[in-house]
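Topology and contacts: notes
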Amino acid sequence: MREGAHPGRFTAHPAQETSQEATQGRGTPSVTHSPGRVARKSTTREPIIQESEALDPEGFEPEATRRDAGVAESTRANRGWWDRNADEYQVEHGTFLGDDRFVWGPEGLDEVEAELLGAPEDLKGKKVLEIGAGAAQCARWLAAQGAHPVALDLSHRQLQHALRIGGSFPLICADAGALPFADGSFDLACSAYGALPFVADPRLVLREVRRVLRPGGRFVFSVTHPIRWAFPDEPGPEGLSVSASYFDRTPYVEQDEEGRAVYVEHHRTLGDRVRDIAASGFRLVDLVEPEWPAWNTAEWGGWSPLRGNLIPGTAIFVCERD
């Protein structure tokens, strides 16, 4: 997130081949196959995939700024950032996320208790699209409930971690703004801190999700709570005083020495999010602002028990296609 905290994607998912039904008519996605690695059990503490030299950071400290960044620049920058930082992200947060847990945000709200996609018994047989899947933990949980998930992520490196952990469902490397699926392919869609915080035009993603959902389908997504953009991204007392305008929608950008973006995050106010949802053909069913639970003593970037007990850190939008 701001000042380099990078809230990131909270979901993660494994893969096999993509069905013809799911992909017809929308171009050719990049599909990662995992022959012979169905449902292999592993832990997040086992050795991680070794970082290749091609993915190593180039040794510079990026400059943090606020400036405009369009669709193409944001996509290029964030694909590169997640490919370079996937290993570190999974090492740092893998234990919290688990291998097959569905967590909506740093507060630790679990889909087991939230049931925002529906009761677990109702998920059996449902086709579910996970957007911004990362290492595919959420999809694994969905598969364990009897659902048929597809895990999609912009970062190939994140999906390699999904392969490392294992699973028996498709992993697809593709842009959320151009989903490689036929109309009405899915019953449900979900995204835990995936894609939407990082895209310049969230309506592109929302309209694509609506297109691939069947009538009556539900889309649930979580993002950094918009009010957090008015505060410094710090977990301690310094993060409790307003330092910027909540209404300043200028993106947060990290850029290299030549001014090229290497990470971009976009701010939308709460009202912006609601208008985006409505304009994209969804009906907003619920807006969930998880409270910080007493059991969670962990800090995650700018999220902490101190701040979480005073101001919301995550907003979860529950939407339905009429």
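Here's what I pulled together on the structure shown here. (Residues numbered from 1 in each chain as written. Predicted model: local features only at pLDDT ≥ 70, side-chain atom pairs only at ≥ 80, totals over all residues. Heavy atoms only, no water.)

Along its 27 residues, helix 2 (residues 71–97) runs just 29 Å from first to last C-alpha, ending more than 12% under the 39 Å computed at 1.5 Å per residue. Along helix 2, the helix axis deviates most sharply at Asn-85, where the bend reaches about 55°. Residue Gly-98 follows helix 2 closely and has a positive phi angle near 70°. (Helix = DSSP H or I, 4+ residues; strand = E, 2+ residues; numbered from the N terminus. Expected span 1.5 Å × (residues − 1). Bend = angle between axes of the 7 residues up to and from the residue.)

Moving on, we come to helix 7 (residues 270–279). Given 3.6 residues per turn, any residue in an α-helix points the same way as the ones three and four places further on. All of the buried residues in helix 7 are Asp-272, Arg-273, Asp-276 and Ile-277. Viewed along the axis of helix 7, the buried residues span an arc of 135°, placing them on a single side of the element. Downstream of helix 7 by a residue or two, Gly-281 has a phi angle that is positive, lying close to 90°. (Buried < 20%, exposed > 50% of the residue type's maximum accessible area, 1.4 Å probe, protein only. Arc of directions from axis to C-beta.)

This part covers the nonpolar core. One finds Leu-129, Phe-181, Val-209, Phe-219 and Phe-221 to be the most contacted residues of the largest nonpolar core, which totals 27 residues. For this core, the secondary structure elements donating two or more residues are strand 3 (127–131), strand 4 (148–153), strand 6 (186–192), helix 6 (202–212), strand 7 (213–224) and strand 11 (314–321). Counting residues in hydrophobic clusters, the runner-up holds 18 residues, among them Leu-123, Leu-188, Val-288 and Ile-316. (Core = buried A, V, L, I, M, F, W, Y, C linked by side-chain atoms within 4.5 Å.)

The next subject is the packing of aromatic side chains. Within this structure, the stated rule accounts for 16 aromatic pairs. Judged by centre distance (6.2 Å) and plane angle (70°), the ring pair of Tyr-89 and Trp-300 falls under edge-to-face. Highlighted residues: Tyr-89 in helix 2 and Trp-300 in the loop between strand 10 (282–288) and helix 8 (305–308), separated in sequence by 211 residues. The two residues Tyr-89 and Trp-300 agree in class, both being buried. Between Phe-102 and Trp-141 the ring centres are 5.9 Å apart and the planes differ by 85°, which places this aromatic pair in the edge-to-face class. Of this pair, Phe-102 sits in the loop between helix 2 and helix 3 (111–114) while Trp-141 sits in helix 4 (residues 137–144); the two residues are 39 residues apart in sequence, bridging distant segments of the chain. Considered together, Phe-102 and Trp-141 belong to a single accessibility category, that of buried residues. Looking at Arg-101, its charged tip hangs above the ring of Phe-96, at a distance of 5.3 Å from the centre. (Phe/Tyr/Trp six-rings, centres within 6.5 Å; stacked < 30°, edge-to-face > 60°. Lys NZ or Arg CZ within 6 Å of the ring centre and 35° of its normal.)

So, about the pattern of salt bridges. Taken as a whole and judged by the stated rule, the model has 16 salt bridges. Notably, a salt bridge pairs Asp-248 with Arg-66, separated by 3.9 Å at the nearest N-O pair. Linking Asp-248 in the loop between strand 7 and strand 8 (252–255) with Arg-66 in strand 2 (residues 63–66), this pair joins segments that are 182 residues apart in sequence. In this structure Arg-66 comes out as partly exposed when scored by relative accessible area, which is 30%. Measuring nitrogen to oxygen at the nearest pair gives 2.8 Å for the salt bridge that ties Arg-214 to Asp-187. Within this pair, whereas Arg-214 is found in strand 7, its partner Asp-187 is found in strand 6, the two being separated by 27 residues in sequence. Using a relative accessible area of 27% as the deciding quantity, one classes Arg-214 as partly exposed. Put simply, Arg-218, Arg-283, Glu-320 and Asp-322 are held in one network by salt bridges that share partners. (Salt bridge = Lys/Arg side-chain N within 4 Å of Asp/Glu carboxyl O.)

Relative to the assigned elements, Glu-320 resides in strand 11. You can call Glu-320 buried: its relative accessible area is 18%. In this structure the side chain of Glu-320 is engaged in a polar contact, spanning 2.6 Å, whose partner is the side chain of Arg-218. Residue contacts for Glu-320: discarding those within four places in its chain leaves Gly-217, Arg-218, Gly-281, Phe-282, Arg-283 and Val-285. (Polar contact = N/O pair within 3.5 Å; in protein donor to acceptor, adjacent residues only side chain to side chain. Contact = heavy atoms within 4.5 Å.)

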